[in-house]
Amino acid sequence: MADDAHGDAVSVPSKVPADFSVRRYRVDLTSRKVSRETVACEDFEDVFGGIARGFKLLESCPVADAYDPSATLIMNLGLLSGTDFMTGLRTYFLAYSPLKRSLSGLPSPMWSAGSGKFGTKVRGLNIDEIIFTGRCDTPSLLHIRRDSEDGPPVFDFVDASDLIGRHVNDRIQDLHGRYPDAFFAVIGPAGENYQHVRFAAIALSTVNQLRSGDGKSRWCGRGGMGGVMGSKNLIGIIADSPDRASTTKAPPILKELNLEVARGKGSARFRDKGKNNGGGGTWSNYSALNPVHAMPEMNFVPTGTDASVPLYRDNVEQGPYVVKDESCFRCGISCHKNVYDKQEDGKAGRFRAKLDFEPLNLLSSNLGIFDIDQALDLVELVDELGMDSISCGTTLAYVMEYNRRHPEAPIADGMSYGDYKKTLETIDKIGNGQLEQVGQGTLRLAEQLGEMGYAMQCKGVEFPAYLPQTNPGYPWALAGGHMSMRTYLLLLHERETGLDYWVDAITNRGLSILRDDFMGICKFSGMSDERMVEAVGALTGLAIDVATLKQLIRRTFLRGYRLERRHGCTDDDYVMPAEVHQEYPQIELPYFNTPEFFSELKQRVTARIDELLVAEGLS
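Predicted model only: the values in this text are computed from it and were never measured. (Residues numbered from 1 in each chain as written. Predicted model: local features only at pLDDT ≥ 70, side-chain atom pairs only at ≥ 80, totals over all residues. Heavy atoms only, no water.)

K.L.:
Describe the overall build of the protein chain, and please don't skip the residues or the numbers.
P.N.:
Per the secondary structure count, the protein chain includes 22 helices and 17 strands. Scaling as 2.2 N^0.38, a compact globule of 619 residues should have a C-alpha radius of gyration of about 25 Å, and the protein chain matches this with 23 Å. The principal-axis extents of the C-alpha atoms in the protein chain amount to approximately 65 × 55 × 50 Å. Here the protein chain holds 619 residues, and 64% of them are scored as buried. Within the protein chain, contacts between residues separated by at least 24 positions form 68% of all contacts whose residues are at least 6 apart in sequence. Approximately 21,100 Å² of the protein chain is accessible, and the part contributed by carbon and sulfur atoms is 48%. When the 68 basic and 83 acidic side-chain charges of the protein chain are each reduced to a single mean position, those positions are 4 Å apart. (Helix = DSSP H or I, 4+ residues; strand = E, 2+ residues; numbered from the N terminus. Rg over C-alpha atoms; globule rule 2.2 N^0.38 Å. Buried < 20%, exposed > 50% of the residue type's maximum accessible area, 1.4 Å probe, protein only. Contact = heavy atoms within 4.5 Å. Areas by Shrake-Rupley, 256 points an atom, 1.4 Å probe, with all protein chains shown as cover. Lys, Arg positive; Asp, Glu negative; His and termini not counted. Charge placed at Lys NZ, Arg CZ, Asp CG, Glu CD.)

K.L.:
Can you tell me about the packing of aromatic side chains, naming the residues and giving the values?
P.N.:
This model, assessed by the stated rule, comprises 20 aromatic pairs. Ring centres of F48 and F518 lie 5.5 Å apart, and the angle between their planes is 75°; this geometry places the pair in the edge-to-face category. Of this pair, F48 sits in helix α1 (residues 44–48) while F518 sits in helix α19 (residues 516–519); the two residues are 470 residues apart in sequence, bridging distant segments of the chain. Here the aromatic cluster, defined as three or more aromatic residues joined through ring pairs, consists of Y286, Y312, F357, Y466 and Y488. The aromatic ring of F351 is capped on one face by K216, whose charged end is 5.3 Å from the ring centroid. (Phe/Tyr/Trp six-rings, centres within 6.5 Å; stacked < 30°, edge-to-face > 60°. Lys NZ or Arg CZ within 6 Å of the ring centre and 35° of its normal.)

K.L.:
Tell me what's going on with the pattern of salt bridges, and back it up with residues and numbers.
P.N.:
Tallied over the full model, the rule gives 53 salt bridges. Measuring nitrogen to oxygen at the nearest pair gives 3.4 Å for the salt bridge that ties R32 to D137. With a gap of 105 residues between them, R32 in the loop between β1 (21–28) and β2 (33–40) and D137 in the loop between β6 (129–133) and β7 (140–146) connect regions that are remote in the sequence. We classify R32 as partly exposed; its relative accessible area is 34%. Between E564 and K100 there is a salt bridge whose closest N-O contact spans 2.6 Å. (Salt bridge = Lys/Arg side-chain N within 4 Å of Asp/Glu carboxyl O.)

K.L.:
Tell me about the sheet that holds strand β12 (residues 234–240), and name the residues and values.
P.N.:
Note on sheets: strands pair through backbone hydrogen bonds, and any given pair is parallel or antiparallel. Strand order in the open sheet formed by six strands is β8-β7-β12-β9-β10-β11, and the pairing between neighbours is mixed. A single partner strand is all that each edge strand has here, and the edge strands are β8 (153–159) and β11 (218–220). Averaged over all adjacent pairs, the angle separating strand axes in this sheet is 20°, with direction ignored. Sheet topology places strand β9 (residues 182–186) next to strand β10 (residues 202–204); two bridges connect them, and they run antiparallel. From the neighbouring strand, V186 faces β10, where its bridge partner is A203. The sheet contacts of helix α4 (residues 168–178) involve β7, β9, β10, β11 and β12, and relative to β9 the element is tilted by about 150°. (Pairing = 2+ DSSP bridges. Axes fitted to C-alpha atoms, helices over the stretch in contact; angles between N-to-C directions.)

K.L.:
Tell me what's going on with the packing of helix α13 (residues 389–405) against helix α14 (residues 420–431), and back it up with residues and numbers.
P.N.:
Interhelical geometry of α13 versus α14 gives an angle of 125° and a closest axis separation of 12 Å. Taken as axis vectors, α13 and α14 run oblique relative to one another. By crossing handedness, the relation of α13 to α14 is classed as right-handed. Contact residues: α13 offers C392, L396 and M400, while α14 offers T423, T426, I427 and I430. In the contact of α13 with α14, the residues fall into five nonpolar, two polar and no charged. (Parallel < 35°, antiparallel > 145°, perpendicular 65-115°, else oblique. Left-handed = near helix turned anticlockwise from the far one by under 90°. Nonpolar A, V, L, I, M, F, W, Y, C, P; charged D, E, K, R; others polar.)

K.L.:
Now, about the nonpolar core: what can you tell me, with residues and values included?
P.N.:
Of all hydrophobic cores here, the largest spans 204 residues; its most connected members are F85 and F93. In contact with F85, other than residues within four places in its own chain, are L80, L254, L257, N258, V261, I521, M527, M532, A535 and L539. (Core = buried A, V, L, I, M, F, W, Y, C linked by side-chain atoms within 4.5 Å.)

K.L.:
Summarise helix α2 (residues 50–58); cite the residues concerned and give the values.
P.N.:
Burial within α2 is extensive, with nine of its nine residues counted as buried. Looking only at α2, the buried set comprises G50, I51, A52, R53, G54, F55, K56, L57 and L58.

K.L.:
Hey, could you go over the sheet that holds β2 for me, with residue numbers and the actual values?
P.N.:
Pairing is mixed across the open sheet formed by six strands, whose spatial order is β2-β1-β6-β3-β4-β5. For this open sheet the edge positions go to β2 and β5 (107–114), each flanked by a neighbour on one side alone. Averaged over all adjacent pairs, the angle separating strand axes in this sheet is 25°, with direction ignored. As judged from the four bridges shared by strand β3 (residues 73–77) and strand β4 (residues 91–101), these two strands associate in the antiparallel manner. Each bridged residue has a counterpart across the sheet, and for N76 the counterpart in β4 is Y92.

K.L.:
Got a sec to walk through the side chain of R146? Specific residues and values, please.
P.N.:
Here R146 is to be found in strand β7. Although R146 lies buried, it forms no salt bridge, and the closest oppositely charged side chain, D150, sits 6.2 Å away as judged by the N-O distance. A polar contact of 2.6 Å, which involves the side chain of R146, links it to the backbone oxygen of G151. In contact with R146, not counting residues within four places along its chain, are G124, L125, N126, G151, P152, P153, D240 and R244. (Polar contact = N/O pair within 3.5 Å; in protein donor to acceptor, adjacent residues only side chain to side chain.)

K.L.:
Explain the environment of V309 to me, and be specific about the residues and the numbers.
P.N.:
In this fold, V309 is placed in the loop between α9 (285–289) and α10 (313–318). Its relative accessible area of 24% is what places V309 among the partly exposed residues. Along the sequence, V309 and P291 sit 18 residues apart, while their C-alpha atoms lie 9.2 Å from each other. Apart from the residues lying within four places of it in its own chain, the contact partners of V309 are N290 and N315.

K.L.:
Explain the side chain of S108 to me, using residue names and the numbers behind them.
P.N.:
Among the secondary structure elements, S108 is positioned in strand β5. Given a relative accessible area of 1%, S108 falls into the buried group. Ignoring any residue separated from it by four or fewer positions in sequence, one finds S108 in contact with A95, Y96, S97, K100, R101, E564 and C569.

K.L.:
Can you break down the pairing of β1 residue by residue, with the values?
P.N.:
Burial analysis of β1 places six of its eight residues in the buried class, the great majority of the element. The pairing of β1 with β2 spans eight bridges and is classified as antiparallel. Its bridge partner being in β2, V27 is matched across the sheet by V34. From the end of β1 to the start of β2, which pair antiparallel, there are four residues, and R32 there has a positive phi angle of about 60°. Both β1 and β6 contribute to a ladder of five bridges, which runs parallel.

K.L.:
Which residues make up unusual backbone geometry, and what values go with them?
P.N.:
Although it is not a glycine, H293 adopts a positive phi angle of roughly 50°. By secondary structure assignment, the location of H293 is in the loop between α9 and α10. When its relative accessible area of 10% is taken as the criterion, H293 is described as buried. Of note, the phi angle at R330 is positive, near 55°, even though the residue is not glycine. By secondary structure assignment, the location of R330 is in the loop between β13 (321–326) and β14 (336–342).

This is how it looks when you write it as structure tokens:
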């Protein structure tokens with residue numbers, strides 16, 4: 001943002017959007033020409049950045065092929081990215097997705113976000129946004145640096161041929177040796193093989209990773225943004241600048257806000273289970289969902305048994321493993337659940353994998369694999385190849401279910417539920433571009449095979465590890481069911497099944513999760529809108545109230561929805577797989593998501609969104 005927008009101690013917020021500007025760089029990868037623009041902000045969307053400003057930009061650059069060299073890839077920050085606000089670390093990548101698409105075949109707008117220190121380094125270079133177009137003629141790295149301490153950023157292109165084919169952590173450690181003050185955004189083999197892998201991800205290096213040498217990246221995983229980078233022959237981005245001490249005094253409220261992030265109720269669920277009443281992170285969803293048999297197993301159909309109990313964190317810790325709660329740069333939540341082999345002295349030995357609920361569940365229980373050692377191998381391999389674990393795992397489950405139903409004509413070498421060895425081999429083939437049929441993702445694979453009823457996706461984006469049977473909000477998620485529509489645990493917690501309740505949940509409450517994707521903060525911070533308004537005012541001087549912030553959330557969703565519609569989505573795209581609407585008696589939650597219920601719900605949600613578009617002047 002404007003040069004005076006970060007770090008000032010502002011007692012009374014008084015700035016308006018017109019007081020801010022955006023430092024934007026346009027990079028034509030074909031000509032290697034870089035141009036700088038200082039763009040005056042017109043509205044709150046411009047000021048906040050992230051997906052709020054990104055959607056506005058994507059409106060002006062539609063494409064028919066996500067991999068076309070002319071396609072736009074945006075990398076930007078949110079308003080609080082790179083500030084001293086705890087969890088203000090997020091970097092966003094936005095594009096027309098090679099994975100998400102309408103039934104007409106057109107790519108649909110999407111974003112992915114990741115934490116770590118990379119965003120802080122980008123902010124330290126005085127960059128708010130980079131817009132990439134074109135394609136490098138050879139595999140390349142973009143090295144962004146300064147010639148002098150206060151000089152403008154310099155963009156250098158570096159040959160990356162020696163990184164091709166190597167695993168993600170190997171690449172990052174190599175780059176760290178060359179550029180010790182830098183942090184990195186890189187793709188893996190999957191991104192290089194983008195034509196065969198539509199769910200390639202972007203890895204962001206972390207402090208812990210560079211210090212330890214272990215593969216502890218944070219991920220911009222959803223939607224195939226790594227494939228968009230790969231299609232541009234851009235293997236990695238190097239944000240290279242020395243850390244600099246702040247030259248301004250932090251506002252007094254910042255300490256209070258950061259203490260609330262680290263110890264408050266909002267983040268409690270994600271903290272270490274032994275730290276300030278922490279809930280143990282997303283891994284604890286196993287012990288919350290499995291007792292009522294509402295956790296994905298066997299392609300999102302719970303077994304109704306205790307088969308997954310060995311994968312509970314407490315049970316894993318009883319085996320030969322050490323689980324450490326580790327953190328991103330200067331974050332007190334410590335949400336990372338890093339698993340190590342336990343040495344004879346009881347201490348942590350070899351690093352195995354970083355476990356969140358989604359990668360663990362979708363690469364173990366949902367594949368009929370209930371052995372933690374095997375699960376660790378699968379999670380690690382997906383990461384090292386640079387793939388989104390959610391899309392990869394859900395697609396593998398579809399393959400296994402197809403093979404169960406068609407034993408006479410299986411695909412993918414006949415892989416089946418519980419078959420660890422073939423699953424590992426299949427993941428390796430997908431990531432290296434040797435199994436395009438599966439690498440195309442669940443929607444395209446199901447269309448090819450003619451069996452859509454149990455393909456667990458909406459608009460081409462695979463479901464995360466929360467049962468769609470219990471969440472009719474999935475079709476209106478803009479970028480994945482749990483990161484862009486907060487309806488995925490409502491039935492578990494509130495047990496409401498009425499139409500009025502779910503219309504409001506989807507068009508009102510569910511949108512709240514989008515806020516952090518233009519703030520620049522982690523969703524795990526759990527801060528109220530009231531406190532976020534205080535943080536924004538204190539750190540930037542921007543005057544905004546809660547009502548305006550809620551309107552900005554709503555407008556951001558509406559812009560994304562409108563882009564979907566403009567890019568080919570019709571009412572037929574806002575549907576769920578047919579088998580989702582069946583009753584599963586083993587799920588010990590109310591059954592309500594019937595075909596009739598969903599049909600009426602869709603009509604009412606669509607009508608309500610249309611009303612909101614008109615009310616906001618976006619129809």
